[in-house]
Amino acid sequence: GGLVVDSPVVNMAYIAAAEKKMEEGKKWEGTTLFRWKPDYFSAQKAYEEAAKLFRKGRNYTRYLVSKEALAIVLYNQGRLLKGASELETGALEAMSEVKDTKLPTKILEKAASWYREKGSIDRSSRTLVKAGKMMLEYDKKSAAKLLIKAVTAYPDRKEGDPVSSTDTYEACVAALVRNGLFDAADECVRFQLDAQWKSDSEYNHSIWKAWLTRAIIQLGKDDMKGACKIIEQGFKEVQGFKASAFGNVAQKFVDAAARENAEIFESLMKGEEFLVLSNEIGKLAKKIKFNPNWDVGAAKELSSKDVQPEAGVAGEECEELKTDDFDIR
């Protein structure tokens, strides 16, 4: 017979060989009496061999350690992108094999910081999204920080530019909302809005959509007063919001809440109007039930006001959203 390839004995042999390669790598990184500089090329080869052997031996924790050692050697040669790529592929491969996902997540964070250091902001941001989504399984608070970091990873935006790629932004907001992390989701939306909402009308559609999204997130938190506050601010300060299809929907559900009409409120929340929002926000809206314990006083107050845009915010020059595209009545 021969040994079974995946047997404990074979695995231990692979792991022992890998550990020897790790020691070899460390030696090449050091200096000796006759070698005054580290030999990074030889160290790199040793760590690459170690990673292959740890993988064959199915010891994924040590596999990650060897990948990190390899990446640091590449970093020391000025090869940041290659180093970050090694960290990323190692972490993603190990994620499903290790019991504790904290180590692969930390390694993904390191990869993201190296991509950023090299100026590859999009890739840095996408890597943080991967890390955040993975961390959601065991530490939601830390996951929320990573997802916010992914959205806020764009440092040199010009005023009025989109803050992050739409894919990154929507993936983060969706993951946070799906996991009930409403404050973090709102923080992402506010950051995205920060550079846009007082700028010219190029981003009107996404700005109005974001304001309605923020109101729905507050309702997800069971906070009618918070939702009304956001809507009123939007009506006052955001060019064209009140007259837009999104503002129209906001006004409708505030009016229904003010009348304490649960049936109309809930049918609105399930209506086609919310199809224009991202999937996850649309799903959240459908789940929201009228709560008699809400501060409906806030809705009554807003419903009875005729909130007018502040001077300089009037939406004359702003191109309206075509309501027939979304069948909003």
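Predicted, not measured: the structure shown is a model, and the values here were computed from it.

1. As for helix α3 (residues 60-76)
Line of reasoning, step 1. Between the first and last C-alpha of α3 there are 24 Å, a value that for 17 residues agrees with the 24 Å anticipated at 1.5 Å per step.
Line of reasoning, step 2. Listed as buried for α3 are Y60, Y63, L64, S66, K67, A69, L70, A71, V73 and L74.
Line of reasoning, step 3. Its side-chain oxygen 3.4 Å from the backbone nitrogen of T61, N59 forms the N-cap of α3.
Line of reasoning, step 4. At the C-terminal side of α3, G78 shows a positive phi close to 80°.

2. Looking at the environment of Y60
Line of reasoning, step 1. Structurally, Y60 is set in helix α3.
Line of reasoning, step 2. Along the sequence, Y60 and A94 sit 34 residues apart, while their C-alpha atoms lie 5.7 Å from each other.
Line of reasoning, step 3. What Y60 contacts, discounting residues up to four positions off in sequence, is R55, E93, A94, E97 and V98.

3. Some thoughts on the environment of D139
Line of reasoning, step 1. Looking at where D139 falls in the secondary structure, it is placed in the loop between α6 (121-135) and α7 (140-151).
Line of reasoning, step 2. Using a relative accessible area of 25% as the deciding quantity, one classes D139 as partly exposed.

4. A word on the confidence of the model for the protein
Line of reasoning, step 1. For the protein, the mean per-residue pLDDT works out to 84, and 85% of the residues sit at or above 70.
Line of reasoning, step 2. Here residues 314-329 is a poorly scored stretch, pLDDT under 50, and it has 34 contacts once near neighbours within four places are set aside; other chains count.

5. What about the packing of helix α8 (residues 166-178) against helix α14 (residues 279-287)?
Line of reasoning, step 1. For the pair α8 and α14, interaxial distance at closest approach is 8 Å and the crossing angle is 30°. The pairing of α8 with α14 is recorded here as roughly parallel in orientation. Note on packing geometry: the crossing formed by α8 with α14 is left-handed. Of α14, the residues touching α8 (which contributes V173, A174, V177 and R178) are E280, I281 and L284.
Line of reasoning, step 2. Here the contact of α8 with α14 is composed, by residue class, of 5 nonpolar, no polar and 2 charged.

6. Thoughts on the packing of helix α2 (residues 40-56) against α3
Line of reasoning, step 1. Running from N to C, α2 and α3 cross one another at 160°; their axes reach a closest spacing of 8 Å. By the angle between their axes, α2 is roughly antiparallel relative to α3. Crossing hand, α2 versus α3: left-handed. Every residue of α3 that contacts α2 at Y40, A43, Q44, Y47, E48, A50, A51, F54 and R55 is listed here: Y60, R62, Y63, S66, A69, L70, V73, L74 and N76.
Line of reasoning, step 2. Split by residue class, the contact of α2 with α3 holds 12 nonpolar, 3 polar and 3 charged.

7. A few points about the packing of aromatic side chains
Line of reasoning, step 1. Here the structure, examined in full by the defined rule, presents 7 aromatic pairs.
Line of reasoning, step 2. Consider the rings of Y60 and Y63, whose centres lie 5.7 Å apart with planes at 75°: the pair is edge-to-face. Of this pair, Y60 and Y63 are both found in helix α3, 3 residues apart, which corresponds to roughly one turn of the helix.
Line of reasoning, step 3. What makes Y63 buried here is its relative accessible area of 1%.
Line of reasoning, step 4. Look at Y75 and W114: their rings are 4.6 Å apart centre to centre, the planes differ by 40°, and that puts the pair in the tilted class. With Y75 in helix α3 and W114 in helix α5 (residues 102-117), the pair connects residues that are 39 residues apart, well separated along the chain.
Line of reasoning, step 5. Overall, Y75 belongs to the partly exposed group, its relative accessible area being 28%.
Line of reasoning, step 6. Residue W114 is classed as buried on the basis of its relative accessible area, which comes to 8%.

8. Structural notes on the pattern of salt bridges
Line of reasoning, step 1. What the rule picks out here adds up to 20 salt bridges.
Line of reasoning, step 2. The salt bridge involving E232 is made with K236; its shortest N-O contact spans 3.5 Å. Taken together, the positions of E232 and K236, both in helix α11 (residues 224-237) and 4 residues apart, correspond to about one turn of that helix.
Line of reasoning, step 3. Since its relative accessible area comes to 17%, E232 is described here as buried.
Line of reasoning, step 4. Given a relative accessible area of 31%, K236 falls into the partly exposed group.
Line of reasoning, step 5. Connected through shared salt-bridge partners, E232, K236, E301 and K305 make up one network.

9. Quick word on the nonpolar core
Soluble globular proteins tend to bury their nonpolar side chains together.
Line of reasoning, step 1. In terms of nonpolar packing, the biggest core is built from 96 residues, with I216, L219, F253, F265 and F274 touching the most fellow members.
Line of reasoning, step 2. No other element matches the 9 residues that helix α10 (residues 204-220) contributes to this core.
Line of reasoning, step 3. When neighbours within four sequence positions are excluded, F265 is seen to be in contact with L219, M224, F253, A256, A257, I288, F290 and W294.

10. Structural notes on α8
Line of reasoning, step 1. The end-to-end C-alpha distance of α8, which contains 13 residues, comes to 18 Å, matching closely the 18 Å that a straight helix rising 1.5 Å per residue would cover.
Line of reasoning, step 2. Here α8 has its buried residues at T168, Y169, C172, V173, A174, A175, L176 and V177.
Line of reasoning, step 3. On the buried face of α8, the contacting elements are α6, α7, α9 (182-194), α10 and α14.
Line of reasoning, step 4. Just downstream of α8 lies G180, where phi reads positive at about 70°.

What counts, and at which threshold
- Residues numbered from 1 in each chain as written.
- Predicted model: local features only at pLDDT ≥ 70, side-chain atom pairs only at ≥ 80, totals over all residues.
- Heavy atoms only, no water.
- Helix = DSSP H or I, 4+ residues; strand = E, 2+ residues; numbered from the N terminus.
- Expected span 1.5 Å × (residues − 1).
- Buried < 20%, exposed > 50% of the residue type's maximum accessible area, 1.4 Å probe, protein only.
- Polar contact = N/O pair within 3.5 Å; in protein donor to acceptor, adjacent residues only side chain to side chain.
- Contact = heavy atoms within 4.5 Å.
- pLDDT = per-residue confidence, 0-100.
- Axes fitted to C-alpha atoms, helices over the stretch in contact; angles between N-to-C directions.
- Parallel < 35°, antiparallel > 145°, perpendicular 65-115°, else oblique.
- Left-handed = near helix turned anticlockwise from the far one by under 90°.
- Nonpolar A, V, L, I, M, F, W, Y, C, P; charged D, E, K, R; others polar.
- Phe/Tyr/Trp six-rings, centres within 6.5 Å; stacked < 30°, edge-to-face > 60°.
- Salt bridge = Lys/Arg side-chain N within 4 Å of Asp/Glu carboxyl O.
- Core = buried A, V, L, I, M, F, W, Y, C linked by side-chain atoms within 4.5 Å.

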